[in-house]
Amino acid sequence: MAEPARRDPAARDRGSRLDQPRERRRSWVPRPDFDTERFGRFAESFARFMGTATFLAWMTVFIVVWLVWNAPIGPDRPVWDPYPFIFLTLILSLQASYAAPLILLAQNRQEARDRVQQQQDRDANAQSHADMEFLAREVASLRLGLGEVATRDFLRSELRGLLESLTEERDKESGEKE
């Protein structure tokens with residue numbers, strides 16, 4: 001019995017071909033099943049909170065208290081992070097390492113919403129433009145049509161002319177009868 005790779009050269013090259021997606025391998029590590037929308041909303045609220053004056057004020061208070069408590073000046077007290085403040089640096093670096101991806105995720109979600117809004121605006125503008133062109137053509141056709149329609153003044157002048165010609169004919173007829 002022949003091997004599948006010998007019978008089907010495409011099956012043999014499937015892993016190295018760039019025009020076909022790779023087959024997914026089963027992972028022995030279970031993937032957590034979580035709601036990406038919920039995580040995105042959390043990232044947006046986190047990024048929104050980090051940009052507030054409240055966050056900056058509380059972070060400033062936290063750092064000042066940390067520095068004052070661990071400074072080598074003042075009364076003797078238990079110090080958990082002496083002068084180079086390595087533990088504070090570690091905490092701030094950890095906070096920044098979590099904040100940056102969350103802020104980027106929030107920005108990407110906002111960019112996607114902005115892109116959808118821009119597309120909707122472009123579609124609405126295109127529809128408005130098409131409507132305005134249609135209305136302009138309709139108004140132009142009405143103007144052309146009105147040029148061929150008899151106006152009130154034209155009808156009056158025609159009726160006056162007809163009345164005058166009828167009166168002249170009547171006068172001629174009455175003058176001939178006499």
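Structure shown above.
All figures in this text were calculated on a predicted structure; none of them were measured in a lab.

Rules used in this analysis
Residues numbered from 1 in each chain as written. Predicted model: local features only at pLDDT ≥ 70, side-chain atom pairs only at ≥ 80, totals over all residues. Heavy atoms only, no water. Phe/Tyr/Trp six-rings, centres within 6.5 Å; stacked < 30°, edge-to-face > 60°. Helix = DSSP H or I, 4+ residues; strand = E, 2+ residues; numbered from the N terminus. Buried < 20%, exposed > 50% of the residue type's maximum accessible area, 1.4 Å probe, protein only. Salt bridge = Lys/Arg side-chain N within 4 Å of Asp/Glu carboxyl O. Lys, Arg positive; Asp, Glu negative; His and termini not counted. Polar contact = N/O pair within 3.5 Å; in protein donor to acceptor, adjacent residues only side chain to side chain. Contact = heavy atoms within 4.5 Å. Patch = residues over 30% accessible without salt bridge, like charges linked within 9 Å, V, L, I, M, F, W, Y side chains within 5 Å. Areas by Shrake-Rupley, 256 points an atom, 1.4 Å probe, with all protein chains shown as cover. Charge placed at Lys NZ, Arg CZ, Asp CG, Glu CD. Axes fitted to C-alpha atoms, helices over the stretch in contact; angles between N-to-C directions. Parallel < 35°, antiparallel > 145°, perpendicular 65-115°, else oblique. Left-handed = near helix turned anticlockwise from the far one by under 90°. Nonpolar A, V, L, I, M, F, W, Y, C, P; charged D, E, K, R; others polar. Expected span 1.5 Å × (residues − 1). Arc of directions from axis to C-beta.

Undergrad: Sorry if this is basic, but what is going on with the packing of aromatic side chains here?
TA: Here a ring pair, both rings aromatic, is described through the centre-centre distance and the interplanar angle of the planes. Throughout the structure, instances matching the rule amount to eight aromatic pairs. Seen from their ring centres, Trp-66 and Phe-87 are 5.6 Å apart, and the 35° between their planes marks the pair as tilted. With a gap of 21 residues between them, Trp-66 in helix α4 (residues 53–70) and Phe-87 in helix α5 (residues 86–148) connect regions that are remote in the sequence. Exposure remark for Trp-66: the relative accessible area of 8% places this residue in the buried category. Judged by centre distance (6.0 Å) and plane angle (25°), the ring pair of Trp-69 and Trp-80 falls under stacked. Note that Trp-69 is positioned in helix α4 and Trp-80 in the loop between α4 and α5, a separation of eleven residues in sequence. Taking relative accessible area as the criterion, Trp-80 reaches 48% and is therefore assigned partly exposed.

Undergrad: Can you walk me through the pattern of salt bridges in this structure?
TA: Pairing is possible between side chains that carry opposite charge, provided their charged atoms lie close to one another. Overall, the coordinates contain four salt bridges when judged by the stated rule. Across the pair Glu-44 and Arg-109 runs a salt bridge, and its minimum N-O distance is 2.9 Å. On the criterion of sequence distance, the pair formed by Glu-44 in helix α3 (residues 36–50) and Arg-109 in helix α5 is long-range, its members being 65 residues apart. Considered together, Glu-44 and Arg-109 belong to a single accessibility category, that of buried residues.

Undergrad: What am I meant to see in the side chain of Asp-81 here?
TA: As for its placement among the helices and strands, Asp-81 is situated in the loop between α4 and α5. In this structure Asp-81 is buried but unpaired, with Arg-77 as the nearest side chain of opposite charge at 12 Å. There is a polar contact of 3.1 Å between the side chain of Asp-81 and the side chain of Trp-66. Within the local environment of Asp-81, its side chain forms a polar contact with the backbone nitrogen of Phe-87, the two atoms lying 3.1 Å apart. Leave out the neighbours within four places in its chain, and Asp-81 touches Trp-66, Asn-70, Ile-86, Phe-87 and Leu-88.

Undergrad: Can you walk me through a negative patch on the surface in this structure?
TA: Taken together, the side chains of Glu-164, Glu-168, Glu-169, Asp-171, Glu-173 and Glu-176 make up a negatively charged region of the molecular surface. By the secondary structure assignment, Glu-164 is in helix α6 (residues 152–177).

Undergrad: Got a minute to help me understand the packing of α3 against α5 in this structure?
TA: Where α3 meets α5, the closest approach of the two axes is 8 Å, and the angle between their N-to-C directions is 110°. In this view, α3 runs roughly perpendicular relative to α5, as classed from their interaxial angle. Crossing of α3 against α5: the hand is left-handed. Side by side, α3 and α5 meet where Glu-37, Phe-39, Gly-40, Arg-41, Phe-42, Ala-43, Glu-44, Phe-46, Ala-47 and Met-50 of the first sit next to Gln-95, Ala-99, Leu-102, Ile-103, Leu-105, Ala-106, Arg-109, Gln-110 and Arg-113 of the second. Residues of the contact of α3 with α5, tallied by class, amount to eleven nonpolar, three polar and five charged.

Undergrad: Where do I start with α4 in this structure?
TA: In an α-helix, one turn spans 3.6 residues, which is why side chains three or four residues apart end up on the same side. When the terminal C-alpha atoms of α4 are compared, their 25 Å separation across 18 residues agrees well with the 26 Å that a helix rising 1.5 Å per residue should span. Looking only at α4, the buried set comprises Phe-55, Met-59, Trp-66 and Asn-70. Relative to the axis of α4, the buried residues are bounded by an arc of 30° and lie together on one face. Facing away from the buried side of α4, by more than 90 degrees, are the exposed residues Ala-53, Val-65 and Val-68.

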